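# Summary of the model geometry
Here's the letter readout for the chains.
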Amino acid sequence: MIENTSSIDRVAGAILIAGLLFVLTPLVFVVITATQSYEDFLRNNFSLIPGGHFLDNMREVWSRTDLPRQTLNSIIVGAIVAAGRVALAVTTSYAVVFFAGRGRGLVYALVVASIMLPLELMIITAYQVTANVALPLNVVANLGGWWGALFGGPLDLRWNLLDSYAGISIPLMAQGSCTMILVQFFRTIPPQLARAAIVDGVGPLRFLWDILLPLSKGPLTALGIYMFISAWIQYMWPLVAASSPARTMAVVGLTRLQEDADRIPDFPLQMAGAILVTLPPLILIALFQRRIVRGLTLSEK
Amino acid sequence: MLNKSALSALALMVAAPVAQAADFEFWYGNTGTGEEAIQSACTAFNESQSEHRVSCVGQGSYETGMQKAIAAYRSQQHPVLIQFFDAGTLDLMLSGAVLPVQDVAPDVDWGDYINGARSFYETSTGELFSQPYNGSTLIFYGNRELLAQAGVDELPQTWEGVIEAARVLKDAGIDCPFTTDAHPWRVLEQFSARHGLSIASRNNGYGGLDAEYTFNTGPVAEHLQNLAAWRDEGLVKLDADTAAGKYTTAFNSGECAMMEGSTGSYGAAFAALGDKVEIAMAPMYEGYDRHNTLIGGASIWVMKGHDEPSYNGARAFLDFLRGDAQQIEFTRITGYVPVTNSGLAALEAAGLSGDPQFATAGVGVESLNQPASEDSRGVRLGFYVQFRDIFMEETQKAFTGGQDMQAALDAAAARGNDLLRRFEQTYEGTKLP
Amino acid sequence: MKQEIFRSRWLPWWLSAPQLIVLFLFFYLPIALAFFWAFHLEQPFGGRSEFVGLENFRRVLGSGEFWSSAGATLLYMVLASGTSILTALILALAADRALKLSPLARNVFIWPKAVASASIGVIFVFILNPFLGILAPLNEIWPGFWNPRTNVTHTYIMLFVTNVWNAIPFTFIILLAGLQAIPQELHKAGAMDGSGPWRRLWDIQLPLLTPQLFVVIVLEVADSLSGSFGLIDTMTNGGPGGATNLLVYKIYSDGFKAYDLSGAATQTVILMALVACITGFQYVFLERKVNYDR
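Note that residues are indexed from 1 along each chain, following the sequence as it is written. Working convention: letters from A go to chains and numbers from 1 go to ligands, in the order in which they are written. With pLDDT at 70 or above as the cut-off, local features in this predicted model cover only qualifying residues; side-chain atom pairs require 80 or more to be listed or tallied, and sums for whole chains, interfaces and linings still use all residues. Calculation of side-chain values draws on the structure's entire complement of heavy atoms; hydrogens and water are dropped beforehand.

## Description of the overall build of chain A
Spelled out, the test is: Labels follow the DSSP assignment, with helices taken as runs of H or I lasting at least four residues and strands as runs of E lasting at least two, numbered in each case from the N terminus. Here the globule rule reads 2.2 Å times residues to the power 0.38, and the radius of gyration is calculated from C-alpha atoms. Using a 1.4 Å probe on the protein chains alone, a residue whose accessible area is under 20% of its type maximum counts as buried, one over 50% counts as exposed, and one in between counts as partly exposed. Only heavy atoms enter the contact rule, under which two residues are in contact if any of them lie within 4.5 Å. Only the protein chains shown count as cover for residues, with accessible areas throughout obtained via the Shrake-Rupley method and a probe of 1.4 Å.
The helix and strand tally for chain A stands at 16 helices and zero strands. Here the C-alpha atoms of chain A give a radius of gyration of 25 Å, more than 25% beyond the 19 Å that 2.2 N^0.38 yields for 301 residues. Along the longest, intermediate and shortest principal axes, the C-alpha atoms of chain A span 75 × 70 × 30 Å. Scored against the burial criterion, the 301 residues of chain A give a buried share of 58%. The long-range fraction of contacts in chain A, counting pairs at least 24 apart against all pairs at least 6 apart in sequence, stands at 75%. Accessible surface computed for chain A: about 11,900 Å², of which carbon and sulfur atoms make up 66%.

Here it is as structure tokens:
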């Protein structure tokens, strides 16, 4: 570095070691617990001495859940959510950052406000909307009975998305953090770029497609991976929106391993399960870490 | 512009595929062993006949199942059968979304259900609203080995005896003589029922929605004050005082010598401690006659708005679950108690009643079958699930020293009464069945 | 806001429409339905719904539990987001240096993101268990040194620690990426002017990090609110004695565990107003300080 910074480097090194210990301790504990048997656990409670039941626990998780299918479901939902959120974020942030005009402040405010309230607080009403997405159309059409007057009966469209990939994924897209991040990135793009494009006679859509998207490949990939993982670890909504085993996601499927309130949970088995569902996103992170960090620079330089 | 036929064609196109007539859904909340037992019952039912098909959908917990049922009923996507737990009985009875099971299947001999199981789920006029399913009740647990160490040979039957034994255990070096979590199911509902006391006026609400909480004076208040005093003396540990943070775990790990717990905790205790576990009916204060304890666990409700073939299937499935063989199998896997007299007789006939795996069936059912009183039928109070949280919150403040126990109970009763009044207002015009 | 390059009447609306439709259907419409409940006494299964005007609000605003919950919520948001941003900033500053450990740390610090929040709570409740966890030895020396089950301050510390663990990945990535994008020449120039590392942190790194800090503050404050639900649900259930019954959890348990839909909806409306104020505050007062030019 610039000057003699060995003392600062030593402090920084100590901070990193502390951080690593902090992050890794819980994960080590998970792995150790997963090696114990239920009987050990009932007798000794938690203990930091590894047992020899890791493979047995894995086998039991495998036989008691339907992980292959549930993992596939998680991948599908994760991919839809990631692609959907990134695509929605691109168009909206493009409109917010690169266009003049009234309303864009409002659009942006509507998007940002959605970050704060979790879906858990709207679970019943969100379910009702998903059970019939055409609900607002019906309401508008039947307001004051004009539809009935014109066509001789109230409008009653039904479009049920429950228990479908769309019904699980789309409500998970109704959250604006991805857009907010992308707006910040777009703002760092030099305006000269777009001005030059206008001089060359490039239209706004061509500019988006030919210039802006290639330029944003890094951030978009990083956001995509990040949103994929965010969808992967969702619990409440996928549990409520899916009824059939054919649509159950991996994190939800693991609840099968939990015991009822009256009983003592089989923690070793649950931790073994947690390892199995955590591995795919963890591998993704470990492999793409550099790309994620570089992509989320939020600055085009 | 789109015209109506185009729109309805679109609606047809996107509508969900219509389910086959004989298929019907059953939503349940159990997980773990309970879920496995339910799933195997469903498979057995589907294999036992070809006319109906039940698909049993796990919801992860009773609460989520109910949330989803509310949303689903509002969108006409609800199942035919839903399992729900004891404390939500009144919410479902008044919901207008369920049919009394006795009306759906009038030919069944509903009198076969044991008294303690029936009264919780029946109307004030004695009509059963839902079919009792996974039943449990409160019993008393002892760790034979720890008790013997202190020279206590028998599980005490009275609270006075419990505390005497606790002092002996304490002197013998056992750090945790008795444990409970002081959850209202244990220290309020089951306590009052077996002592023949009410927790609210109008027979715990069976007489009408205008009931008011009364537990904050009298024996319940004394018992909670005793618990607090015994805890200070080191005789009682609550969840927070135990190593694992849960009383059942503390008992199973041998930390505590006695506990009051559900019959549903027996399976895990037996797995951990083997024949060191002994059980008895929950203790009484001296000078009270013993009445029945209440049934815990859950029952199955029939929801409105389905066609006759679905109800035929539901009837067949409920018959199947009620059968002796299914009840014995369910008890074997889960530790819940059988809920019909014929199921108990069948258990006896099969020579299983002495089997430690079925030990809770004996003690639990004996406790459920004690003489009934007008106040030991059950709890029929509005927003009761929320009240349980309030009770825990206020008494916890007392146990951790934030406030006096009597003040805590008064506050819980006052807040509970607010809930009851609002419940009454919400259901204004609805008559309590 | 700047940029404003293209002028078109309809195109920006077409571009924003997809997201607005999704938000409308699955965020604003569900909230609007909740607004309806806030002015009614609503039976859970929809049997009857009576208009009661502001009665629900009067009741909620008149209850001590609501105010203590709201106060605790605000305090939690400030402290939880503050601790997690500060921790991640320190880690990012350390990992930004070219140390041997840096590549490993940059990777490992993102791992917590892969763990579902339900599991995180369970794990930390054990690790911080007063009798069996890592602080248990200290409890044997000084009884009562650490007990998150009965001591409210300790309970909150437990929640903050867990929240920090949970929040490190995102905040760390964004801040590290921001730091790495600061050109070396600026550091060199600063060093030549004779400013030490501490000065350069304040004069160069932090000012150039403001866009990232802004994103992180907005998202962490939001996350601390919505993420508190999962942590409280798995770690404290609102206890001890209701001390951690933060609004998000209280609304959930009042409404969906206890079927008081109207009471829960009323509190949602109030929380929504609170959220709008906080977001507005962030944009009006904080965004001004953001430096987009490099």
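## What about the environment of Gly144 of chain C?
All names here are of chain C. In this structure, Gly144 sits in the loop between helix H6 (136-141) and helix H7 (152-180). A relative accessible area of 59% places Gly144 in the exposed class. It is 8.7 Å that separates the C-alpha atoms of Gly144 and Pro130, two residues lying 14 residues apart in sequence. Here Gly144 is in contact with Asn139 and His154, once residues within four sequence places are set aside.

## Quick word on a positive patch on the surface
The test is simple: Patch members must show over 30% relative accessible area and no salt bridge, and they are joined within 9 Å when carrying like charges or within 5 Å when they are nonpolar side chains of Val, Leu, Ile, Met, Phe, Trp or Tyr. We define a salt bridge as a contact between a side-chain nitrogen of Lys or Arg and a carboxyl oxygen of Asp or Glu at a distance within 4 Å. We count Lys and Arg on the positive side and Asp and Glu on the negative side, and we leave His and both chain ends out. The location of each charge is read from NZ of Lys, CZ of Arg, CG of Asp or CD of Glu.
Judged by side-chain charge, Lys217, Arg290, Arg291 and Arg294 of chain A come together as a positively charged surface patch. With three residues, helix H16 (residues 267-295) of chain A is the single largest residue contributor to the positive patch.

## Thoughts on the interface of chain A and chain C
Formally: Values labelled buried area give the accessible surface lost by two parts on being combined, using a 1.4 Å probe and summing over both.
Each partner contributes residues to the interface: chain A has 105 residues there, and chain C has 105 residues. Between chain A and chain C lies a buried interface of about 9,800 Å² when both sides are counted; carbon and sulfur atoms form 79% of it. Inspection of the region where chain A meets chain C yields one salt bridge. With a shortest N-O distance of 2.7 Å, Asp9 of chain A and Arg97 of chain C are connected by a salt bridge. If one sorts the elements of the side of chain A that touches chain C by residue count, helix H1 (residues 6-34) of chain A sits on top with 16 residues.

## Description of the sheet that holds strand E10 (residues 277-281) of chain B
Paired through backbone hydrogen bonds, the strands of a sheet run either parallel or antiparallel to each other. Residue and element names in this part refer to chain B. Spelled out, the test is: For two strands to be treated as a pair, DSSP must find no fewer than two bridges joining them. With axes taken as lines fitted to C-alpha atoms, and helix axes fitted only over the stretch in contact, angles between N-to-C directions fall between 0 and 180 degrees.
Taking strand neighbours across the sheet as the criterion, the five strands line up as E8-E7-E9-E6-E10 in an open arrangement whose pairing is mixed. The sheet terminates laterally at strand E8 (236-237) and E10, the two strands that pair on one side only. On the sheet, helix H17 (residues 359-368) packs against strand E6 (138-143) and E10 and is oriented at approximately 15° with respect to E10.

## Some words on the interface of chain B and chain A
Rules: Residues adjacent in sequence count toward polar contacts only when both atoms are side-chain atoms; beyond that, a polar contact is any pair of N or O atoms within 3.5 Å, and within protein one must be able to donate a hydrogen and the other to accept it. Throughout, the ten residues Ala, Val, Leu, Ile, Met, Phe, Trp, Tyr, Cys and Pro are labelled nonpolar, Asp, Glu, Lys and Arg are labelled charged, and all others, Gly among them, are labelled polar.
Across the contact, 44 residues belong to chain B and 31 residues belong to chain A. For the chain B and chain A pair, buried surface summed over both sides reaches about 3,400 Å², with 53% attributable to carbon and sulfur atoms. For the interface between chain B and chain A, the tally reads one salt bridge. Glu36 of chain B is paired through a salt bridge with Arg64 of chain A; the nearest N and O atoms lie 2.9 Å apart. Here chain B and chain A share five residue pairs in polar contact (both at pLDDT 80 or more) between them. Elements that contribute at least two residues to the side of chain B that touches chain A include exactly helix H1 (4-14), strand E1 (23-28), helix H2 (32-48), helix H3 (62-74), helix H12 (247-252), helix H13 (266-273) and helix H15 (324-334) of chain B. Per-class residue counts for the side of chain B that touches chain A are 17 nonpolar, 21 polar and six charged.

## Here's the deal with the packing of aromatic side chains
Going by this rule: Any two rings among Phe, Tyr and Trp, with Trp reduced to its six-membered ring, count as a pair given centres within 6.5 Å; such a pair is stacked if its planes are under 30 degrees apart, edge-to-face if over 60, and tilted if neither. Charge-over-ring placement is defined geometrically: NZ (Lys) or CZ (Arg) within 6 Å of the ring centre, and within 35 degrees of the ring normal.
Inspection of every chain in the model, using the stated rule, returns 57 aromatic pairs over all chains. Judged by centre distance (5.5 Å) and plane angle (50°), the rings of Tyr226 of chain A and Phe170 of chain C are tilted. Placement of Tyr226 of chain A in helix H13 (residues 217-232) and of Phe170 of chain C in helix H7 is noted, with the two residues assigned to different chains. Relative accessible area serves as the criterion here: at 10%, Phe170 of chain C is assigned to the buried category. Ring geometry for Trp142 of chain C versus Phe145 of chain C: centroids 5.8 Å apart, planes at 40°, classification tilted. Overall, Trp142 of chain C belongs to the partly exposed group, its relative accessible area being 49%. Lying over the aromatic face of Tyr108 of chain A, Arg187 of chain A brings its terminal NZ or CZ to 5.6 Å of the ring centre. For the cation-ring pair, Lys68 of chain B lies above Trp27 of chain B, with the distance from its terminal atom to the ring centre recorded as 5.1 Å.

## Observations regarding the pairing of strand E3 (residues 81-85) of chain B
All names here are of chain B. Judged by how many residues are buried, E3 sits mostly within the fold: five of five residues are covered. Here E1 runs beside E3; their pairing, made up of two bridges, is parallel. Across the sheet, Phe26 pairs through a bridge with Leu81, a residue of E3. Looking at chain direction, E3 and strand E11 (residues 296-303) are connected through five bridges and run antiparallel. In the sheet register, Phe85 faces E11, and the bridge partner there is Ala298.

## Thoughts on the pattern of salt bridges
Across all of its chains, the model carries 35 salt bridges over all chains by this definition. Between Lys276 of chain B and Glu145 of chain B there is a salt bridge, and its shortest N-O distance comes to 3.8 Å. In this pair, Lys276 of chain B sits in the loop between H13 and E10 while Glu145 of chain B sits in helix H7 (residues 144-149), placing the two residues 131 residues apart along the sequence. By relative accessible area, Lys276 of chain B is classed as partly exposed at 28%. Classification of Glu145 of chain B by relative accessible area gives partly exposed; the value is 43%. A salt bridge links Asp203 of chain C to Arg199 of chain C; the nearest nitrogen and oxygen atoms lie 2.8 Å apart.

## Points about the packing of helix H10 (residues 210-235) of chain C against helix H11 (residues 247-257) of chain C
A pair of packed helices is characterised by two quantities: the angle between their axes and the separation of those axes. Residue and element names in this part refer to chain C. Here H10 crosses H11 at 65°, and the two axes come no closer than 8 Å. Two secondary-structure elements touch here, H10 through Leu225, Ser228, Phe229, Ile232 and Asp233 and H11 through Val248, Tyr249, Tyr252 and Lys257. Residues of the contact of H10 with H11, tallied by class, amount to six nonpolar, one polar and two charged.

## A short note on the state of the cysteines
All names here are of chain B. Which entries qualify depends on this criterion: By definition, disulfides here are pairs of cysteine sulfur atoms that lie within 2.5 Å.
Inspection of every chain in the model, using the stated rule, returns two disulfides over all chains. Two residues, Cys176 and Cys256, share a disulfide whose sulfurs are 2.0 Å apart. For the disulfide bridge between Cys176 and Cys256, the dihedral angle about the S-S bond is near 95°, and by the sign convention the bridge is right-handed. Within this pair, whereas Cys176 is found in strand E7 (residues 176-179), its partner Cys256 is found in strand E9 (residues 256-262), the two being separated by 80 residues in sequence. Judged by its relative accessible area of 0%, Cys256 is buried.

## Re the side chain of Ser119 of chain B
Tracing the chain through its elements places Ser119 of chain B in helix H6 (residues 115-121). Here Ser119 of chain B is in contact with Tyr206, Ser376, Arg377 and Arg380 of chain B, once residues within four sequence places are set aside.

Function cannot be read off these values alone, since they describe shape.
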